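Observations on the three-dimensional arrangement
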Amino acid sequence: MMFAADSPIHAMPRAQQASNLAGRERIRGGVLAKGPQTRALGPDDYASLDFIVVENFLDAAARTELMRSFDALRGTLGAKNLNNDYWQGRLLFAHEVAAQSPVAGGIMKQFQLEATRRIGEFYRLTQPIYADTVQLVVWREGLHMPAHADNANPDGSPHGMPWRSFSSIVYLNDDYDGGELYFTALDAYIKPTAGMLVAFTAGFHHEHAVLNVAKGERLTMPAFYTFERGKADFFIHSDLAR
């Protein structure tokens, strides 16, 4: 058993629901057509959610260092070797950042350890989890991401990362328009603030979309977590290599 008896995960459906389908239908070209039940989540809601929202998780100094490092490296590393045009020139992996800026790499490692702790406590995990990757990602004006789960495909086809159990995002800035995080099954969205951490399960219950970035650039630090030690990012979990 990976979860304690009182874990909120036990109340979450594993399979996709009609609410997932309805939520996907509300999104066209990255734009959400809000229904009468669609909720904009704010600070008064965060304590009652079945996922994690922490405001000011990353302070201004840390965010500035990560953004400075990303700007110095953007377009030179990360997805340039991935066979995926969507991510080309948009992301950097933690070990790449650390190779150029040990300070920024240390911030990413420290963030991951704290985010892992919070996920374990919130979901009452009885076994350790490991980040399989931590990245810095830029979302340019006009970009969006369709609704998706992080470990399963709606049509039942094999997913590329079925080992992932949790996901997290830290938002480095908020001086852009659009770019909300929308959860299809919950019919709810968050307009992130700079420094915010959002963490959730990787299955259909927390299927999510990034709505269209209407103006500016959205900078984030996503990470994905697994119970499989062999999938761990060994830069982040350097103790595992000893």
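Reference entry: report on the structure contained in this document. As the structure is a computational prediction, the values presented were derived from the model and not from experiment.

Further remarks concern the environment of Thr201. Within the fold, Thr201 resides in strand E12 (residues 197-201). Judged by relative accessible area, which is 9%, Thr201 ranks as buried. In the structure, Thr201 is positioned 51 residues away from Asp150 in sequence and 8.4 Å away in space, judged by C-alpha atoms. Among residues more than four places away in sequence, those in contact with Thr201 are Ile9, Met12, Tyr123, Ser165, Phe166 and His206. A distance of 2.6 Å separates polar atoms of two side chains, one belonging to Thr201 and the other to His206.

This next bit is on helix H1 (residues 18-25). Of the positions making up H1, those classed as buried are Asn20, Gly23 and Arg24. Across the axial projection of H1, the buried residues extend over an arc of 100 degrees, all falling on one side. For H1, the exposed residues set more than 90 degrees away from the buried face come down to Ala18 and Glu25. If you follow the buried residues of H1, they end up packed against strand E1 (27-28), strand E7 (145-148) and strand E10 (181-183).

On to the pattern of salt bridges, then. For the structure shown, the criterion picks out nine salt bridges. When the shortest N-O distance is used, the salt bridge between Arg68 and Glu65 registers 2.8 Å. Of this pair, Arg68 and Glu65 both sit in helix H2 (residues 60-73), separated by three residues, roughly a single helical turn. Overall, Glu65 belongs to the buried group, its relative accessible area being 18%. Salt-bridge contacts for Glu114 lead to Arg117; the nearest nitrogen and oxygen are separated by 2.5 Å. Of this pair, Glu114 and Arg117 both sit in helix H4 (residues 102-122), three residues apart, roughly one helical turn.

Turning our attention to the pairing of strand E15 (residues 218-226). The side chains of a regular strand alternate between both faces of the sheet. A large share of E15 lies buried, amounting to nine of its nine residues. Residues Arg218, Thr220, Pro222, Phe224 and Thr226 line one face of E15 and the alternating positions Leu219, Met221, Ala223 and Tyr225 line the opposite face, and both faces are buried. Bridge count between strand E6 (residues 130-139) and E15: seven bridges; the pairing is antiparallel. Opposite Val134, over in E15, you have Ala223 as the bridge partner. Bridge analysis of strand E8 (residues 164-171) against E15 gives seven bridges, and the strand direction is antiparallel. Across the sheet, Arg164 pairs through a bridge with Thr226, a residue of E15.

Let's shift gears to the sheet that holds E12. A sheet is described by the order of its strands in space; here six strands give the open sequence E4-E12-E8-E15-E6-E5, paired in antiparallel fashion. Two strands close off the open sheet at either side, each with one partner strand: strand E4 (52-54) and strand E5 (91-93). Each strand of the sheet is rotated relative to its neighbour by a mean of 20 degrees, with strand direction disregarded. Judged from the three bridges that link them, E4 and E12 form a sheet pairing that is antiparallel. For Val54, the partnering residue across the bridge sits in E12 and is Leu197. Contacts from H2 reach E5, E6, E8 and E15, with the element oriented near 70 degrees to E6. Across the face of the sheet, H4 comes into contact with E4, E6, E8, E12 and E15 while running at roughly 55 degrees to E15.

Procedures and definitions
Residues numbered from 1 in each chain as written. Predicted model: local features only at pLDDT ≥ 70, side-chain atom pairs only at ≥ 80, totals over all residues. Heavy atoms only, no water. Helix = DSSP H or I, 4+ residues; strand = E, 2+ residues; numbered from the N terminus. Buried < 20%, exposed > 50% of the residue type's maximum accessible area, 1.4 Å probe, protein only. Contact = heavy atoms within 4.5 Å. Polar contact = N/O pair within 3.5 Å; in protein donor to acceptor, adjacent residues only side chain to side chain. Arc of directions from axis to C-beta. Salt bridge = Lys/Arg side-chain N within 4 Å of Asp/Glu carboxyl O. Pairing = 2+ DSSP bridges. Axes fitted to C-alpha atoms, helices over the stretch in contact; angles between N-to-C directions.

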